[in-house]
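Residues per chain are reported as follows:
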Amino acid sequence: MINNIIKILKDAGVKKWKLIEKGVKSKELFFVKNDLDMNRAKDVVKYQLTVYKDFKDGGKNYMGSSTILIHPTMSEKEMKERVSKAIFAAGFVKNEPYPLAEAIEKDLKKPSDAFDKLNDIVDAIFTPSIPDPWLNSVEVFLNDENVRILNSNGLDVSFNKNRLEIEFITNSKGEKEEIELYWDLKTSDLSPDSISSKVLDALNVTVDRALAKPTPKIKNIPVIFDEDGTKEILSYYVEKASALNVYEHMSNAKIGEKIQGNFTGSPVTLSIDPYIDDSYYSQPFDEDGLALNKVKVIDNGTLVSYWGNIRFSHYLKVKPTGSLTNFVVEAGEKTMNDLRKDKYMELKTFSDFQVNALTGDFGGEIRLGWYHDGEKKIPITGGSVSGNVKEIQESFELSKETIKDGNYFGPKALKAYDVKIAGVK
């Protein structure tokens, strides 16, 4: 199939192109409570082709591009027609020229035994077997993905990856009503102990959510963002250091700038890292086929490097690091016990928590947290939290304890001193 596509490109006179072959074998299980309701499997291959076209307009050079999907069932005639349309479309895209990835050949594919572990994964999910809380429904997606990236420079790299996604609903009967929570776990860690631990953590959160009281109206209280909020707030710095965002004037961050201001709390030291163990997003090459390595982006609150793919790094005249897969933030010096002093609110989950990469504004509706009044810890829900990263960054404190969550490895918690809580009563 690949040889056929390359021949069609050659016959059409296409001099610059990139082709990504992605094969996915998957087993999918759907449970209602702990009873298997449906299972299915798939074995599919798709080809993503990008053609590039150099042209001039008004005396200025451009490199247009157009990306299409080619399916294995397409005839040669259908493929030629689709390629022809892509070449035509690329002539209307006025991108500044940029180079494609240089030629390397590397095959990092390994034999996969992921599907042999599927029964153990299912057993691990249902190991915390207790009447309340309980798993209402569970969907398991275990993928064995094989990726090959080629381009017109002679690049030819391959790698494979196991990816596990577990979507589940937890329920618990509260004092007044029954509640349910949705969870989406993405990981490449197939060990039963890890999976069971994460499911048990979700069940425990569900119990607290069922018992939670309305968030009180309290002003001027420190807030500890636990896991989700910490990751989202720190992702602000990832966006500030993005070559794409700098080029498009979404970020005005400059190399050498004290991006965290004159901090007195925990410094931010951040790297992009394609090799976080068990991360769903770890991979050795980005979509350009550029080999990825760990790169420090922020050191002690100072921006030391942009990160970005070949195109936008070329535009900024900086060395390309490749597209982001994961980011790592160095831990702080204070333990969770140190952060949990006196009166505070600790916010665990949100119905939605967002950070505006341009302004630094953040906010979310509180799904579950705890209010500590100095003596006792009370689960709370409802109301919202809001603030701005630029207003909290000089004094916030990062925990010594760390977590892995999706594409993030770093402090488990962030304690902020200038955020607003809109309580319910």
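Scroll up for the structure.
Here's a quick rundown of the structure. (Residues numbered from 1 in each chain as written. Predicted model: local features only at pLDDT ≥ 70, side-chain atom pairs only at ≥ 80, totals over all residues. Heavy atoms only, no water.)

### Considering the side chain of Asp373
For clarity, the threshold we go by: A run of H or I in DSSP becomes a helix once it reaches four residues, and a run of E becomes a strand once it reaches two; helices and strands are each numbered from the N terminus. Under the rule applied, a polar contact is a pair of N or O atoms within 3.5 Å (in protein, one hydrogen donor and one hydrogen acceptor; residues adjacent in sequence only if both atoms are side-chain atoms).
By the element assignment, Asp373 lies in the loop between β15 (361-372) and β16 (377-381). Among the polar contacts made by the side chain of Asp373, one reaches the main-chain amide nitrogen of Glu375 at a distance of 2.8 Å. There is a polar contact of 2.8 Å between the side chain of Asp373 and the backbone nitrogen of Lys376.

### Some thoughts on the sheet that holds strand β13 (residues 327-329)
Pairing between sheet strands relies on hydrogen bonds along the backbone, with the strands arranged either parallel or antiparallel. We apply this condition: At least two DSSP bridges between two strands are required for those strands to pair.
As summarised here, the arrangement of the six strands in space is β12-β11-β10-β13-β20-β19, forming an open sheet in which the pairing is mixed. Sheet topology places β12 (302-303) and β19 (402-405) at the edges, where each strand pairs with a single neighbour.

### Some words on the pattern of salt bridges
Counted only if it meets this: One side-chain nitrogen of Lys or Arg within 4 Å of one carboxyl oxygen of Asp or Glu is enough to make a salt bridge.
Within this structure, the stated rule accounts for 17 salt bridges. Asp11 is paired through a salt bridge with Lys7; the nearest N and O atoms lie 2.9 Å apart. Taken together, the residues Asp11 and Lys7, both in helix α1 (residues 2-11) and four residues apart, mark about one turn of the helix. Here Arg163 ties to Glu145 by a salt bridge, and the two come within 2.5 Å at their closest N and O atoms. Linking Arg163 in strand β6 (residues 156-173) with Glu145 in strand β5 (residues 134-151), this pair joins segments that are 18 residues apart in sequence.

### Description of the packing of aromatic side chains
Condition: Here is the rule: rings of Phe, Tyr and Trp (six-membered ring for Trp) pair when centre to centre is within 6.5 Å. Planes less than 30 degrees apart are stacked, more than 60 are edge-to-face, and the remainder are tilted. Only protein chains enter the calculation, and the probe is 1.4 Å; a residue is then buried if its accessible area is under 20% of its type maximum, exposed if over 50%, and partly exposed in between. For a ring to carry a charge above it, either NZ of a lysine or CZ of an arginine must fall within 6 Å of the ring centroid while also lying within 35 degrees of the normal to the ring plane.
Tallying each qualifying case throughout the model produces 18 aromatic pairs. Where Tyr236 meets Tyr237, the ring centres are 5.3 Å apart and the plane angle is 75 degrees; that geometry is what we call edge-to-face. For the pair formed by Tyr236 and Tyr237, the shared burial category is buried. Here the aromatic rings of Phe327 and Tyr408 are separated by 5.2 Å at their centres, their planes lie at 50 degrees, and the arrangement is tilted. With Phe327 in strand β13 and Tyr408 in strand β20 (residues 408-411), this pair connects stretches of sequence that are 81 residues apart. In this pair, the class of Phe327 matches that of Tyr408, namely buried. Lying over the aromatic face of Tyr280, Arg163 brings its terminal NZ or CZ to 5.4 Å of the ring centre.

### Let's talk about the pairing of strand β9 (residues 223-226)
Two faces belong to every sheet, and in a regular strand the side chains alternate between them. Residues Val223 and Phe225 point to one face of β9 and Ile224 and Asp226 to the other, with burial holding for every one of them. Pairing between β9 and strand β14 (residues 344-355): three bridges, direction parallel. Across the sheet, residue Val223 finds its bridge partner in β14, namely Met345. Sheet analysis places β9 next to strand β21 (residues 413-416), joined by four bridges and oriented antiparallel. The residue bridging Val223 from the neighbouring strand is Ala416, located in β21.

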